[in-house]
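Inside the fold
The lines below spell out each chain.
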Amino acid sequence: SAKEQGRDGWRFFSEEIHEQARKRLDISNGLRQAIQNAELEIRFQPILCTESQIIRGAEVLLRWMPPTGEIPPSLFIPIAEMSGSIVPIGKWVFQAACEAERDWFARFGEQAPYVSVNISARQLNDESVVEAFSEILRDTGADPSRLLLELTETSLMSDVTSNLRLLHRLADLGLRVAVDDFGTGYSSLAQLLRMPVNFLKIDREFVDGLDKRHDSKAIVSAVCSMARAMQLQVVAEGVENETQHGYLRDIGCDYVQGYFFHRPLPPSEFLSLLLESDAQERKAMPEDLHAV
Ligand code: C2E
Ligand code: MG
Ligand code: MG
Ligand code: MG
């Protein structure tokens, strides 16, 4: 009968919820062991100068590979935030970022790419973050001004006052700050200007619309001129084709990042890429310039 079917439907629905809750619990438990079990890895996605296409930076993107198979950050990061695991995991990522920065600086000097690290709002609720990051900076000898903390617009705006205090203390260490996924939240310019922000990262959604929708062009171009007025640098993320790149070049967006140029790469592949382009730039240079 319809009544029984309804009951079955409900049972199915509640089993589904139960199954989802169990999965989240498994992920949460697994994450607690992820560092000790050496299941975390990082990728570097190149960030290029829009004009010259020279690699100027790299975003660190976390990967979790438990024995049961890779789980994407879109799934495990929100759970790590809720359970608090993001605090130790975030320190692990920051340590890896600092080690990379130091290695690249030793090899390439001032030409070395800067390193961009994603930070969750949850990490700014924890007083220990400032002490931990400054200790990591000291131990690795990384130059803080070559490290960028990426905070989403939404997380910067979610508990403005307490997050702001810790953000200022991190900026006082010399670290620089980028607003990630810019355009998806509701920050006011007045609020943004009160924060120690150096970069805006335009969300993929607007870049994706560049070759499809007129309003995306207007938005991206307005963000770039606003950023110039505020003396912020702009990175466009999720660039997937030449049309989008051309438009970003026309409006003077400083940096680009996306599959059109490079996917997130394992550390060894990213280093090979740097060594390759370094060699090419040297080759392009006339001999007499070397002598100077
Ligand atoms: P996000 O910080 O906005 O990072 C950019 C995401 O866009 C990455 O996804 C990247 O792989 C993807 N992407 C880059 N270029 C393109 C493109 O051309 N097309 C498309 N379709 N996608 C592109 P990923 O690696 O899956 O990371 C997703 C999100 O997870 C990140 O978004 C960030 O919010 C979070 N996340 C990643 N690593 C960390 C971390 O170490 N700590 C924290 N707190 N969050 C992280
Ligand atoms: Mg990011
Ligand atoms: Mg982003
Ligand atoms: Mg995004």
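As named in an unreviewed UniProt entry, the chain is Diguanylate cyclase/phosphodiesterase with PAS/PAC sensor(S), taken from Thiorhodococcus drewsii AZ1.

Digging into the site of ligand 1
Around ligand 1, a shell composed of 23 residues is seen, among which Asn118, Ser120, Arg204, Glu240 and Tyr259 lie nearest. Contacts to ligand 1 include aspartate 181, whose side-chain N or O atom sits 3.2 Å from an oxygen atom. Its free accessible area being 810 Å², ligand 1 has 83% of it covered by the protein chains. Assessed atom by atom at 2 Å from the grid points, ligand 1 resides in the largest pocket. If you list the elements that add at least two residues to the shell around ligand 1, you get strand 2 (55–64), helix 2 (73–83), helix 3 (86–108) and strand 5 (176–182). Counting residues per element, the shell around ligand 1 draws most heavily on strand 2, at 4 residues. Broken down by class, the residue content of the shell around ligand 1 amounts to 9 nonpolar, 6 polar and 8 charged.

Some remarks on the pairing of strand 1 (residues 40–49)
A regular strand carries its side chains on alternate faces of the sheet. Counting buried residues along strand 1, 9 of its 10 residues qualify, which places the element largely inside the surrounding structure. Of the strand pairs in this sheet, strand 1 and strand 2 are connected by 9 bridges, and their pairing is antiparallel. When the bridges of strand 2 are listed, phenylalanine 44 appears paired with valine 60. As paired strands, strand 1 and strand 8 (residues 255–257) are joined by 2 bridges and run antiparallel to one another. In the strand pairing of strand 8, cysteine 49 is matched with tyrosine 255.

Reading the values: the criteria
Residues numbered from 1 in each chain as written. Chains lettered and ligands numbered in written order. Predicted model: local features only at pLDDT ≥ 70, side-chain atom pairs only at ≥ 80, totals over all residues. Heavy atoms only, no water. Near = heavy atom within 4 Å. Polar contact = N/O pair within 3.5 Å; in protein donor to acceptor, adjacent residues only side chain to side chain. Areas by Shrake-Rupley, 256 points an atom, 1.4 Å probe, with all protein chains shown as cover. 1 Å grid on protein atoms, 1.4 Å probe; cavity = no way out; pocket = protein on both sides within 12 Å on 5 of 7 lines; lining within 4 Å. Sits in = over half its atoms within 2 Å of the grid points. Helix = DSSP H or I, 4+ residues; strand = E, 2+ residues; numbered from the N terminus. Nonpolar A, V, L, I, M, F, W, Y, C, P; charged D, E, K, R; others polar. Buried < 20%, exposed > 50% of the residue type's maximum accessible area, 1.4 Å probe, protein only. Pairing = 2+ DSSP bridges.

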